[in-house]
Amino acid sequence: MIFVYMATFLIHIVKIPASKAMDINTISMFVLLLVIPSAGFLSDRIGRKPLLLFSVVGLVLFGYPLIWLMHHDHYFWIQIGQIGFAVLVGIYLGTGPATMAESFPAHVRCSALSIGYNLCLAVFGGTTPMVAAYLIEKTHDDLSIAYYLVATAVISLFVVLKLPETAKSTLR
């Protein structure tokens with residue numbers, strides 16, 4: 001939602017020019033590019049779970065306010081909202097791959113990750129733009145997508161709370 005659908009949201013809902021929406025997205029992608037490896041490095045030092053918790057709690061608490069910021073016609077506020085998401089999602093993406101790999105025994109790791117990750121990505125990632133457009137159309141509330149984002153972050157929070165810390169594990 002944050003990086004794929006959001007450009008459509010900015011163009012069609014917020015009514016900013018496509019070139020500006022793409023500029024905003026490109027800048028946030030650059031921030032994401034810096035955050036992901038930094039989060040991976042940090043997760044090796046302080047653990048996976050604290051960073052995952054920071055990310056999902058941040059999305060729960062700030063999902064609505066960041067989308068609200070992006071619903072303005074001033075590019076500065078839109079960019080701040082998008083960068084806020086880039087930081088929170090970047091922390092999750094920088095920590096997630098190691099966490100997922102360490103969650104499965106070596107003899108099933110490749111199959112479990114391939115099936116689990118890609119199935120979830122297809123179901124949730126593939127349908128998110130459609131769900132977002134549907135929510136806005138049916139509720140007549142441009143910010144209704146924030147509720148979907150927060151709801152999925154709450155689900156992620158429950159999953160992260162159940163995860164064991166694996167950063168210092170010797171069973172890799």
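These numbers come from a predicted model, not from an experiment.

(A) Just helix α6 (residues 144-162), in detail. Taking 1.5 Å per residue, 19 residues should reach 27 Å; α6 reaches 28 Å between its end C-alpha atoms and fits that length. Listed as buried for α6 are S144, I145, A146, L149, V150, A153, L157 and V160. Each element contacted by the buried residues of α6 is listed here: α1 (5-12), α3 (48-70), α4 (75-102) and α5 (109-139).

(B) Structural view of unusual backbone geometry. With a phi close to 70°, K15 is a non-glycine residue in the positive phi region. Looking at where K15 falls in the secondary structure, it is placed in the loop between α1 and α2 (18-46). Of the residues examined, K15 reaches a relative accessible area of 62% and is grouped as exposed.

(C) View of the nonpolar core. One finds F9, L10, I67, F85 and I145 to be the most contacted residues of the largest nonpolar core, which totals 34 residues. Elements with a contribution of two residues or more to this core: α1, α2, α3, α4, α5 and α6. Once residues within four sequence positions are removed from consideration, L10 is found in contact with K15, I16, A21, I24, M70 and I78.

(D) Expanded view of the pattern of salt bridges. In total, this model carries two salt bridges according to the counting rule given. Taking the shortest distance from any N to any O, the salt bridge between D44 and R48 comes out at 2.7 Å. Here R48 falls in the buried class, since its relative accessible area comes to 3%. Residues E102 and R48 are paired through a salt bridge, measuring 2.7 Å at the closest nitrogen-oxygen approach. Of the two residues, E102 sits in helix α4 while R48 sits in helix α3, which places them 54 residues apart along the sequence. Classification of E102 as buried rests on a relative accessible area of 18%. Residues joined in a network through salt bridges with shared partners are D44, R48 and E102.

What counts, and at which threshold
Residues numbered from 1 in each chain as written. Predicted model: local features only at pLDDT ≥ 70, side-chain atom pairs only at ≥ 80, totals over all residues. Heavy atoms only, no water. Helix = DSSP H or I, 4+ residues; strand = E, 2+ residues; numbered from the N terminus. Expected span 1.5 Å × (residues − 1). Buried < 20%, exposed > 50% of the residue type's maximum accessible area, 1.4 Å probe, protein only. Contact = heavy atoms within 4.5 Å. Core = buried A, V, L, I, M, F, W, Y, C linked by side-chain atoms within 4.5 Å. Salt bridge = Lys/Arg side-chain N within 4 Å of Asp/Glu carboxyl O.

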